[in-house]
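# Breakdown of the fold
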Amino acid sequence: MRQVALRNGTRVPALGLGTWKMGEDVRQRAQEVRALATGIDLGATLIDTAEMYADGRSEELVAAAIKGRREGVYLVSKVLPQNASRAGTVKACEASLKRLKTDCIDLYLLHWRGSVPFAETLAGFDDLMQAGKIRGFGVSNLDLKEMKEWSGLSRGDKTLANQVQYSIESRGIDFDLLPWCRERAIAVMAYCPLAQGGIPRNAALVRVAERHRATPAQIMLAWVLRHEHVIAIPKSAKPERVRENVQAADIMLSTEDLAELGKAFPPPRKAQPLAMS
Ligand code: NDP
């Protein structure tokens, strides 16, 4: 599995596992745990979750999937904006740690901007770093203007990643946010890289997939991963699809592939509001 180097020196897999909507239905639980365990077996050892997902039950599911192999996994979780005061951030993290059955989260993100001042959340992240309860922190759903504001605050320059929506169909960040993050070695974690399962029926996508003996979904993932500082976190509750998704990390798109895809899915010509799910 190709790795992405974070600015604190940690290397993480370029393709990780999303968990939104996992843990909502107990009847799916065994299969969801199997899907995550399959991903870990195949080298997709980064798992993305959040206190929000299934009201904490996604984190509990992750705990079951990583049982006995915590050391080999890079855990990402998120604090809800309404909990992101200095003390609230610490409290929310401690609750996540309990559900995740671990004593440290590798990367802890502010899920999106709320009404709490950024400086408060950063102070909470700092408290958690000092206490050894998180190994790094970052943000999610911040647009370029918000990123500049966040990064300019005390400790903001330690931000490891911004997790944002990014797919071949939703590529607004190509205009400004993506290059801005690259210049500062801030990783971009691409969420909804498969357009939430709505794989576009597009002739160019199919042609490129055929050239690589791959599926259109795999080409969508390879397209997101064409940048060195981008991490994709597709979600699948099906072990066989997790296998398909992980294999996509090995596909290298040629200049010709990228040109063909760029015609079918043109890059933005001006700044666009950040897409959010
Ligand atoms: P994705 O783009 O990852 O798509 C997930 C959907 O695609 C599921 O319905 C899944 O179905 C289907 N799917 C998975 N693999 C394939 C495949 N190979 N072929 C066809 N369909 C496939 O959307 P998500 O919204 O889940 O985003 C990924 C992750 O990003 C989330 O799970 C979450 O961890 C994170 N996220 C973060 C957000 C934020 O605000 N920070 C917002 C949204 C997501 P099935 O499970 O049945 O295989």
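Conventions and cut-offs
- Residues numbered from 1 in each chain as written.
- Predicted model: local features only at pLDDT ≥ 70, side-chain atom pairs only at ≥ 80, totals over all residues.
- Heavy atoms only, no water.
- Near = heavy atom within 4 Å.
- Areas by Shrake-Rupley, 256 points an atom, 1.4 Å probe, with all protein chains shown as cover.
- 1 Å grid on protein atoms, 1.4 Å probe; cavity = no way out; pocket = protein on both sides within 12 Å on 5 of 7 lines; lining within 4 Å.
- Sits in = over half its atoms within 2 Å of the grid points.
- Helix = DSSP H or I, 4+ residues; strand = E, 2+ residues; numbered from the N terminus.
- Nonpolar A, V, L, I, M, F, W, Y, C, P; charged D, E, K, R; others polar.
- Buried < 20%, exposed > 50% of the residue type's maximum accessible area, 1.4 Å probe, protein only.
- Pairing = 2+ DSSP bridges.
- Right-handed = clockwise from strand over helix to strand, strands pointing away.

To continue, consider the site of the ligand. The ligand sits among 28 residues. The nearest are D48, S140, L194, S236 and K238. About the coverage of the ligand: the protein hides 90% of its 900 Å² of free accessible area. At a threshold of 2 Å from the grid points, most atoms of the ligand map onto the largest pocket. Per-element accounting of the shell around the ligand gives the leading share, three residues, to helix α9 (residues 239-247). Taken together, the residues of the shell around the ligand sort by class into 11 nonpolar, 11 polar and six charged.

Here the focus is the pairing of strand β4 (residues 74-79). Summarising burial for β4: six of the six residues are buried, a large majority. Here β4 shows a buried face lined by Y74, V76 and K78 and a second buried face lined by L75, S77 and V79. Of the strand pairs in this sheet, strand β3 (residues 46-48) and β4 are connected by three bridges, and their pairing is parallel. The partner of D48 across the bridge, within β4, is V76. Crossover β3 to β4 through helix α2 (residues 57-65) is right-handed. Bridging between β4 and strand β5 (residues 107-110) involves four bridges; their strand directions are parallel. Across the sheet, the residue bridging to K78 is L109, located in β5. Taken together, β4, helix α3 (residues 86-100) and β5 constitute a β-α-β crossover, and its handedness is right-handed.

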